[in-house]
Amino acid sequence: MSQTHDIPGFQEIFDAQGQSLGAILGPEVWAEVREDIFARFAVPQAEPEKPEPLDDWHFLVQHWDFKYPVDLDVACPLCGNESADWEHDEPRKFRLTAANMGGLVSFRCLSCQARIIKRHFFDEVTADAVPYAPEKSLRNKGRAS
Ligand SMILES: [Zn+2]
């Protein structure tokens, strides 16, 4: 048969008709090729989720100079998810994704994954919801890499 049979710790296996069923790797051989196998065949992992920028949010709260009190409510018009105090829901209903000193605060709805963007103006708050679009972002990622 083939030379591969001479490699210690490596054994190809065949069914009764001689069709390959794959191979068994011993620990030494596996340790040698493991990284290569993962590098070649592993499905790319989704990027780990960034931690919530709670410091940014707290900084905004500490320097709050809008005409109204700090607003803690978030609502998702797309799926009806809502919270009166997003930071202290148990379990959480919304995840903070961005906050800046300009008053832009965005969240991800943990129910439907939509993006909720709250814009704080001097005397009013506006909110927009952007539906989650997984296919588009995956395709874009594929093209980029
Ligand atoms: Zn939602």
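What counts as what
Residues numbered from 1 in each chain as written. Predicted model: local features only at pLDDT ≥ 70, side-chain atom pairs only at ≥ 80, totals over all residues. Heavy atoms only, no water. Pairing = 2+ DSSP bridges. Helix = DSSP H or I, 4+ residues; strand = E, 2+ residues; numbered from the N terminus. Axes fitted to C-alpha atoms, helices over the stretch in contact; angles between N-to-C directions. Contact = heavy atoms within 4.5 Å. Phe/Tyr/Trp six-rings, centres within 6.5 Å; stacked < 30°, edge-to-face > 60°. Buried < 20%, exposed > 50% of the residue type's maximum accessible area, 1.4 Å probe, protein only.

**With respect to the sheet that holds strand S8 (residues 125-130)**
Pairing between sheet strands relies on hydrogen bonds along the backbone, with the strands arranged either parallel or antiparallel.
Here is step 1 of the chain: Spatially, four strands are ordered S5-S6-S7-S8 in an open sheet, and the strand pairing comes out antiparallel. Two strands close off the open sheet at either side, each with one partner strand: strand S5 (94-99) and S8. Across the sheet, the mean angle separating the axes of adjacent strands is 20° when strand polarity is ignored.
Here is step 2 of the chain: Pairing between strand S6 (residues 104-109) and strand S7 (residues 115-120): five bridges, direction antiparallel. When the sheet's bridge partners are listed, valine 105 is paired in S7 with lysine 118.

**Details of the side chain of serine 106**
Here is step 1 of the chain: Inspection of the secondary structure assignment puts serine 106 in strand S6.
Here is step 2 of the chain: When sequence neighbours within four positions are dropped, the list of residues in contact with serine 106 reads Arg95, Leu96, Thr97, Ala98, Arg115, Ile116 and Ile117.

**Some thoughts on the packing of aromatic side chains**
Here is step 1 of the chain: Within the structure shown, the criterion is met by six aromatic pairs.
Here is step 2 of the chain: Aromatic pair tryptophan 30 and phenylalanine 38: ring centres 6.1 Å apart, planes at 75°, arrangement edge-to-face.
Here is step 3 of the chain: Residue classification places tryptophan 30 among the partly exposed positions, given a relative accessible area of 31%.
Here is step 4 of the chain: Seen from their ring centres, tryptophan 64 and phenylalanine 66 are 4.8 Å apart, and the 75° between their planes marks the pair as edge-to-face. Considered together, tryptophan 64 and phenylalanine 66 belong to a single accessibility category, that of buried residues.
Here is step 5 of the chain: Here the aromatic residues Trp57, Trp86 and Phe107 are joined through ring pairs into a cluster of three or more.

**Re the pairing of S6**
Here is step 1 of the chain: Among the six residues in S6, five count as buried, and that is most of the element.
Here is step 2 of the chain: Here five bridges tie S5 to S6, and the two strands are oriented antiparallel to one another. Across the sheet, phenylalanine 94 pairs through a bridge with cysteine 109, a residue of S6.
Here is step 3 of the chain: The hairpin formed by S5 and S6 contains four residues between the paired strands, and glycine 103 there has a positive phi angle of roughly 95°.

**A word on the environment of lysine 50**
Here is step 1 of the chain: Secondary-structure assignment places lysine 50 in the loop between helix H1 (27-41) and helix H2 (54-62).
Here is step 2 of the chain: The exposure class of lysine 50 is exposed, given its relative accessible area of 69%.
Here is step 3 of the chain: Along the backbone, lysine 50 and threonine 97 are 47 residues apart, and their C-alpha atoms lie at a distance of 8.2 Å.

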